[in-house]
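# Summary of structural features
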Amino acid sequence: MVNNRALGIVALLAVGAWIASSSLYVVTEKQRAIKLRFGEVVQSDIEPGLHAKWPVLNTVRFFDARVQMLESTESRFLTARRNALIVDSYIKWQIIDPSLYYQATRGEVSRAEDLIAPRVDESLRNAFGSREVDKIISEERNEMLEEPQEQLDKRLREEVGVSILDIRLKRVELPQEVQQAVFQRMRTERNAEARQYRAQGEEQAERIRARADRQRQVTLADARKEAETLRGEGDAKAADIYASAYTQDQDFFNFYRSLQAYRNSFDKGDDMLLLSPDSEFFRYFRSPNGETSSNDE
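The rules we used
- Residues numbered from 1 in each chain as written.
- Predicted model: local features only at pLDDT ≥ 70, side-chain atom pairs only at ≥ 80, totals over all residues.
- Heavy atoms only, no water.
- UniProt positions renumbered as here; feature names shortened; annotations may be inferred.
- Helix = DSSP H or I, 4+ residues; strand = E, 2+ residues; numbered from the N terminus.
- Buried < 20%, exposed > 50% of the residue type's maximum accessible area, 1.4 Å probe, protein only.
- Contact = heavy atoms within 4.5 Å.
- Areas by Shrake-Rupley, 256 points an atom, 1.4 Å probe, with all protein chains shown as cover.
- Core = buried A, V, L, I, M, F, W, Y, C linked by side-chain atoms within 4.5 Å.
- Salt bridge = Lys/Arg side-chain N within 4 Å of Asp/Glu carboxyl O.
- Axes fitted to C-alpha atoms, helices over the stretch in contact; angles between N-to-C directions.
- Parallel < 35°, antiparallel > 145°, perpendicular 65-115°, else oblique.
- Nonpolar A, V, L, I, M, F, W, Y, C, P; charged D, E, K, R; others polar.
- Pairing = 2+ DSSP bridges.

Going by the annotation in an unreviewed UniProt entry, the name recorded for the protein is Protein HflC, with Chromohalobacter sarecensis given as the source organism. What UniProt states about the protein under its Subcellular location (unreviewed entry) heading is, verbatim, "Membrane". Taken directly from UniProt, the Function (unreviewed entry) text for the protein runs: "HflC and HflK could regulate a protease."

Attention now goes to the overall build of the protein. When its secondary structure is counted, the protein shows 8 helices and 9 strands. Across the 297 residues of the protein, 25% fall into the buried class. Across the protein, contacts joining residues at least 24 apart in sequence account for 60% of those joining residues at least 6 apart. When the accessible surface of the protein is summed, it comes to about 20,900 Å², and 51% of that surface belongs to carbon and sulfur atoms.

Core analysis: the biggest nonpolar cluster contains 30 residues, and I91, W93, Y101, I116, F128, V162 and I164 have the highest contact counts within it. Within the residue set of this core, elements represented by two or more residues are β2 (31–37), β8 (84–95), α2 (98–105), α3 (109–129), α5 (141–159) and β9 (162–173). If you tally residues by element for this core, the top one is α3, at 6 residues. Apart from residues lying up to four places away in sequence, I164 is in contact with I91, K92, W93, I116, Q149, L152, D153 and L156.

Summed over all chains, the structure comprises 15 salt bridges. As a salt-bridge pair, D64 and R66 come within 3.0 Å of each other at their nearest N and O atoms. With relative accessibility at 45%, the residue R66 sits in the partly exposed group. The closest approach of N and O atoms between E189 and R190, which form a salt bridge, is 3.9 Å. Residue R190 is classed as partly exposed on the basis of its relative accessible area, which comes to 36%. In the salt-bridge network here, residues are joined through shared partners; they are R119, E122, R155 and E159.

Positive phi values are uncommon outside glycine, yet R106 reaches one of about 60°. When you line up the elements, R106 lands in the loop between α2 and α3. By relative accessible area, R106 is classed as partly exposed at 39%.

The relative placement of two packed helices comes down to the angle between their axes together with the axis-to-axis distance. The N-to-C vectors of α2 and α3 enclose an angle of 85°; their axes lie 9 Å apart at closest approach. Relative to α3, the element α2 lies roughly perpendicular. For the pair α2 and α3, contact is made by Y101, A104 and T105 and by V109, R111, A112 and L115, respectively. Broken down by class, the residue content of the contact of α2 with α3 amounts to 5 nonpolar, 1 polar and 1 charged.

One open sheet holds the 3 strands; their spatial order is β3-β2-β5, and the pairing between them is antiparallel. The open sheet is flanked by β3 (40–46) and β5 (58–64), the only strands paired with a single partner. Between one strand axis and the next, the sheet turns through 25° on average, direction left out of account. Sheet contacts for α2: β2, β3 and β5; angle to β2, the most-contacted strand, approximately 70°.

Set out below in structure tokens:
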């Protein structure tokens, strides 16, 4: 009798434990969950915490709410000038609508990636097809990916219930068979641009030199004009001074002028003058006062 009662209690405890385990469930911070009734969603995006459900009648599906990464396979894209590029990329995505995500993928990550990958490939193909190689490999690469990311995010939110958080390119390079030809064409284009810039620079340099030469000639002409004016004024002032001095003491002035003439005439050792001793030039040699003797007369 006691054994039967103990067995009954154990059975009740077992049934209670089964009911509790089947009725209660926990959603963590890293998860998103939905509640189903015979496969139909009856509660979506259940918040983290302890929740209850009807055993057998309800089932709960859990999804990873963390950011996930999808790496694409190596793809061959064409640029605006029909140049081929080998591209490796990856995206970061996250579930934001568990109900829609379940309906689109049945909760399988592989099916979600199968839906995301071709859309990413199509969006990147369009972005590469509208740009030149130099723009793609320049610092504008990140800006180039902003528009595809926004478009994909909007589209996949509505179709799959996921958000596209980021798109990045891991590798962008030319195919081996066309690298040399493309590099040669790029060098040719750059050399042509360099020649054009050099020609423009030479033209501007000629203009600058011409302006400088004109300005130099004008400056020199103005300087010569001013110098001649100042020289003329100086000569006129000197003539006035000489005339004024001559009127003040004519004898001294004649004596001073004669001394200057002697100095200028005999400044070299080999100078020679053929003049008569009675010449007026030697007037002050004959008489310090410059007076003319009776014999000279």
